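Take a look at the letters that make up each chain.
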Amino acid sequence: MSAPDSAAVGLFGLVAYGELLAFDRLAADARLAPDLRRRAALSEMAAGEMAHYRWLTDRLTALGVTPEEAMAPYVEALRAYHDSTEPRDWAEAVTKAYVGDAITDDFLRGTADGLAGPDRALLLDVLHDSRYAEFAATEIRAAIEADPRAAGRLSMWARRLLGEALSQAGRVAAADRGALAALLGRAGDDVPAVLRRLTEAHATRMSAVGLNN
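Residues numbered from 1 in each chain as written. Predicted model: local features only at pLDDT ≥ 70, side-chain atom pairs only at ≥ 80, totals over all residues. Heavy atoms only, no water.

Trainee: What is the right way to look at the overall build of the protein chain in this model?
Mentor: A count of helices and strands for the protein chain gives 10 helices and 0 strands. Put simply, the protein chain runs from its N terminus to its C terminus through helices and strands in the order α-α-α-α-α-α-α-α-α-α. Among the 213 residues that make up the protein chain, the fraction classed as buried is 49%. Of the roughly 10100 Å² that the protein chain leaves accessible, carbon and sulfur atoms contribute 55%. Across the protein chain, the centroid of the 24 positively charged side chains sits 3 Å from that of the 31 negatively charged ones. (Helix = DSSP H or I, 4+ residues; strand = E, 2+ residues; numbered from the N terminus. Buried < 20%, exposed > 50% of the residue type's maximum accessible area, 1.4 Å probe, protein only. Areas by Shrake-Rupley, 256 points an atom, 1.4 Å probe, with all protein chains shown as cover. Lys, Arg positive; Asp, Glu negative; His and termini not counted. Charge placed at Lys NZ, Arg CZ, Asp CG, Glu CD.)

What follows is the structure, encoded as C-alpha cells:
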C-alpha cells in the first residue's frame with residue numbers, strides 16, 4: 001500500500017478541525033437567535049458542519065492516518081481565529097457565518113484542483129450549501145433595514161473578520177510545513193494569488209448585503 005499524499009492529509013486535517021470548531025461556534029451562536037425559526041436554521045447549519053467533519057475524518061482513517069494527528073498542527077491557529085472573533089449579538093453572528101464560511105469555501109475551491117479525483121470530489125462536497133449563505137445574507141439585510149446604523153457597525157465587523165482570516169491563513173501556512181503551497185502549486189496557483197482572490201470576493205459579498213468594504 002502506497003503512503004498517503006501528505007499534502008492531502010494536511011489539508012483534510014486543517015479542514016476537519018475547522019469544521020469541528022465551526023460546529024461549536026454555530027451551536028453557541030444559535031442561542032443568540034431572536035426566535036425559534038432562526039435558532040433552528042443556525043442549528044441546522046451546525047449539523048451540516050458536523051457531517052462534513054465526519055466525512056473528512058472517515059477519509060483520513062481510510063488513508064491510515066489518525067484524525068487527531070492530522071488536525072493537531074492547526075489547533076492553535078484556528079482556535080485563535082474563533083477566540084478573537086466572538087460575536088456579541090445575532091447580527092454579528094450571522095455576519096460571521098456569511099463572511100467566514102464564504103472565505104473558507106473560496107479557499108477550498110482554490111486548493112481542490114491540486115487533489116486527485118476522489119479527494120477533490122470530497123473537498124468540493126464540503127463546500128456549504130448556498131441556502132446557508134442566502135439565509136445569512138437575508139438576516140444581515142433585515143438587521144440593516146431595522147436599524148440603518150447597523151450597516152456601519154457590521155461593515156467594521158466584517159472587515160475585522162477578513163483581517164483575522166488572512167492572519168489565520170498566515171499562521172496556517174507556517175504550521176502546515178508547505179502542504180498548502182504544494183497543493184496550490186499542483187493547480188498552477190500560489191498562496192498570494194489565492195489571498196488576493198479571497199479579498200476580491202469578500203468585497204463583492206459585502207456589497208451584496210449592503211455593507212461597505
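Trainee: So what exactly am I meant to see when it comes to the nonpolar core here?
Mentor: As a rule of thumb, soluble globular proteins bury nonpolar side chains together. The biggest cluster of nonpolar side chains holds 67 residues, and the ones touching the most others in it are Leu11, Leu123, Ile140 and Leu211. No other element matches the 11 residues that helix α1 (residues 6–29) contributes to this core. Look past the residues within four positions of leucine 123 in its chain and what remains in contact with it is Leu11, Phe12, Val15, Leu108, Thr111, Ala112 and Leu115. (Core = buried A, V, L, I, M, F, W, Y, C linked by side-chain atoms within 4.5 Å. Contact = heavy atoms within 4.5 Å.)

Trainee: Mind showing me how you'd approach the confidence of the model for the protein chain here?
Mentor: Segments scoring low in pLDDT should not have their predicted coordinates read at a detailed level. Per-residue confidence for the protein chain averages 88 on the pLDDT scale, and 98% of its residues sit at or above 70. Across the protein chain, helix α3 (residues 67–71) holds the top mean pLDDT of 95, while helix α9 (residues 179–186) sits lowest at 76. (pLDDT = per-residue confidence, 0-100.)

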